[in-house]
Amino acid sequence: MRVAGIEEFGGPVKALEVPDPRALRGTEVLIAVKAAGVGNWEDLVRTGDWDVGGTPPMALGVEAAGVVAAVGEGVEDWSVDDEVLTHPVPLVDQGTWAPSLIAESGLLARKPADVSWTSAGAFPVRALTAMQVLDEGLSLKPGETLLVNGAGTVTGGLIVSLAVLRGAHVLATAGPSSRERVKRAGAATVVDYHDPNWTAQVLEATAGRGVNAAANAAPGGAATTLAAVRDGGRLATITVDPPEAERGVEIASVIVRPDAAQLELATQELAAGRLEFESGASFPLAEADAALAYAVAGRGGAVVLEL
Ligand SMILES: NC(=O)c1ccc[n+]([C@@H]2O[C@H](COP(=O)([O-])OP(=O)(O)OC[C@H]3O[C@@H](n4cnc5c(N)ncnc54)[C@H](OP(=O)(O)O)[C@@H]3O)[C@@H](O)[C@H]2O)c1
């Protein structure tokens, strides 16, 4: 099977031949991949800094959408031809940048007909991250004020949309080109993070008290974000930069984990048109190296490989 991946940790992304998928075990399914997401986190997998299972030579990729092509003998809930999406970590065979993927059936969510393959393929990691930030890292409650720093990122936009659906009052930071999108997601106040005093603007917008909770999606931005959180509030960061706790603020560093039920719920919101999420640049599998470089450059939009 021809995939896009690495021959060794730290090596470049390239097209390579790996063995065809092995026989399915118990509760596994085989998926014919239609689209697979590409995020800057894939560079951590490439260098061996994020262990998602699997050893090189291997296909990269930790999210995909596709059609179930075969089911193991212990699979009850899924059938051949079902359309699904998944964050199938730990990988049980190859990564998702491949024509065929073996995944645990317990990690699948159903792809609604009105969600495109490209959207579905690039949705799982960011959607799960956003759900886990709000419901686990922050335990956000209706009526609370939430600041999302880096709401111009795809993940930040999802955090804004989902927080608004949970009844929060959302303030956000974004650059000028993302401002309208972040407002469309439901943020009541959007300040430009390029202003070195943006936290003062957030404090002013909350009558000097600061927000109940904050989510940081901007690389290296958690410590600055903390200044806008009120005493005893909560901060969750997804960029592995948790600052020292101060003033009784609870700090969480959220790393995405697979959860089929959460993915199913988020996908339903996507299908209902209630989330700000757009797939961005799309590449063929043979150009996975260019796709990863594009994602690492952070030009915006969820990058996807189409198969
Ligand atoms: N912990 C986890 O499990 C997890 C999961 C998913 C993602 N992540 C991480 O979360 C971050 C966002 O990921 P993503 O894929 O959603 O990003 P993305 O969509 O690729 O983000 C690109 C956008 O970031 C914004 N940006 C760039 N520099 C910024 C800064 N200094 N402050 C605020 N915004 C800035 C820009 O928008 P504007 O300038 O137009 O606003 C740009 O369009 C990444 O670091 C990623 O690795 C972590």
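Up top you'll find the structure we're talking about.
Predicted, not measured: the structure shown is a model, and the values here were computed from it.

A. Looking closely at the overall build of the protein chain. Helix and strand counts for the protein chain stand at 9 helices and 16 strands. Against the globule reference of 19 Å for 307 residues, the protein chain gives a C-alpha radius of gyration of 19 Å, in line with a compact fold. Overall size of the protein chain, expressed as C-alpha extent along the three principal axes, is 60 × 40 × 35 Å. Out of the 307 residues belonging to the protein chain, those deemed buried represent 54%. Relative to all contacts within the protein chain whose residues are 6 or more apart in sequence, the contacts with residues 24 or more apart total 64%. Taken as a whole, the protein chain presents about 12,500 Å² of accessible surface, with 49% of it coming from carbon and sulfur. Distance from the positive charge centre (22 side chains) to the negative charge centre (39 side chains) of the protein chain: 6 Å.

B. Quick look at the packing of helix 3 (residues 124–137) against helix 8 (residues 260–271). Direction vectors running N to C along helix 3 and helix 8 enclose 105°, while the axes themselves pass 9 Å from each other. On the basis of their axis angle, the class for helix 3 and helix 8 is roughly perpendicular. For the pair helix 3 and helix 8, the contacting residues are Pro-124, Ala-127, Leu-128, Met-131, Gln-132 and Glu-136 in the first and Gln-262, Leu-263, Leu-265 and Ala-266 in the second. In the contact of helix 3 with helix 8, the residues fall into 7 nonpolar, 2 polar and 1 charged.

C. Region of the structure containing the layout of surface pockets. Quantified by volume, the largest pocket comes out at close to 1,100 Å³. Residue lining of the largest pocket: 41 residues in total, with Asn-40, Thr-153, Thr-155, Ala-217 and Pro-219 positioned closest to the centre. Mapped by element, the contributors of at least two residues to the lining of the largest pocket are helix 3, helix 4 (154–165) and helix 9 (288–297). Here the lining of the largest pocket gets 4 residues from one element, more than from any other, and that element is helix 9. Grouping the constituent residues of the lining of the largest pocket by class yields 22 nonpolar, 15 polar and 4 charged.

D. Region of interest: the packing of helix 3 against helix 4. For the pair helix 3 and helix 4, the least separation of the axes is 9 Å and the interaxial angle reads 50°. With respect to helix 4, the element helix 3 is oriented oblique. Where helix 3 crosses over helix 4, the handedness of that crossing is right-handed. When helix 3 is examined against helix 4, the residues Arg-126, Ala-127, Thr-129, Ala-130, Met-131, Val-133 and Leu-134 are found in contact with a partner set consisting of Val-154, Thr-155, Leu-158, Ile-159, Leu-162 and Ala-163. Its residues placed into classes, the contact of helix 3 with helix 4 shows 10 nonpolar, 2 polar and 1 charged.

E. Summary view of the side chain of Arg-46. Here Arg-46 lies in helix 1 (residues 42–47). On the accessibility criterion, Arg-46 (17% relative accessible area) is buried. Only 3.0 Å separates the side chain of Arg-46 from the backbone oxygen of Gly-11, close enough to count as a polar contact.

F. Expanded view of the nonpolar core. Ranked by internal contacts, the top residues of the largest apolar core, which has 82 residues, are Val-38, Trp-97, Phe-123, Leu-146, Ile-159, Phe-277 and Leu-305. Ranked by residues supplied to this core, first place goes to helix 3 with 7 residues. Setting aside its immediate chain neighbours within four residues, Ile-159 contacts Ala-130, Val-133, Leu-134, Leu-146, Val-148 and Ala-215. Leu-171, Ala-214, Leu-226 and Val-229 belong to the second largest nonpolar core, which has 13 residues in total.

The rules behind each value
- Residues numbered from 1 in each chain as written.
- Predicted model: local features only at pLDDT ≥ 70, side-chain atom pairs only at ≥ 80, totals over all residues.
- Heavy atoms only, no water.
- Helix = DSSP H or I, 4+ residues; strand = E, 2+ residues; numbered from the N terminus.
- Rg over C-alpha atoms; globule rule 2.2 N^0.38 Å.
- Buried < 20%, exposed > 50% of the residue type's maximum accessible area, 1.4 Å probe, protein only.
- Contact = heavy atoms within 4.5 Å.
- Areas by Shrake-Rupley, 256 points an atom, 1.4 Å probe, with all protein chains shown as cover.
- Lys, Arg positive; Asp, Glu negative; His and termini not counted.
- Charge placed at Lys NZ, Arg CZ, Asp CG, Glu CD.
- Axes fitted to C-alpha atoms, helices over the stretch in contact; angles between N-to-C directions.
- Parallel < 35°, antiparallel > 145°, perpendicular 65-115°, else oblique.
- Nonpolar A, V, L, I, M, F, W, Y, C, P; charged D, E, K, R; others polar.
- 1 Å grid on protein atoms, 1.4 Å probe; cavity = no way out; pocket = protein on both sides within 12 Å on 5 of 7 lines; lining within 4 Å.
- Points joined across faces, edges and corners; volume = space filled by probe spheres on them.
- Left-handed = near helix turned anticlockwise from the far one by under 90°.
- Polar contact = N/O pair within 3.5 Å; in protein donor to acceptor, adjacent residues only side chain to side chain.
- Core = buried A, V, L, I, M, F, W, Y, C linked by side-chain atoms within 4.5 Å.

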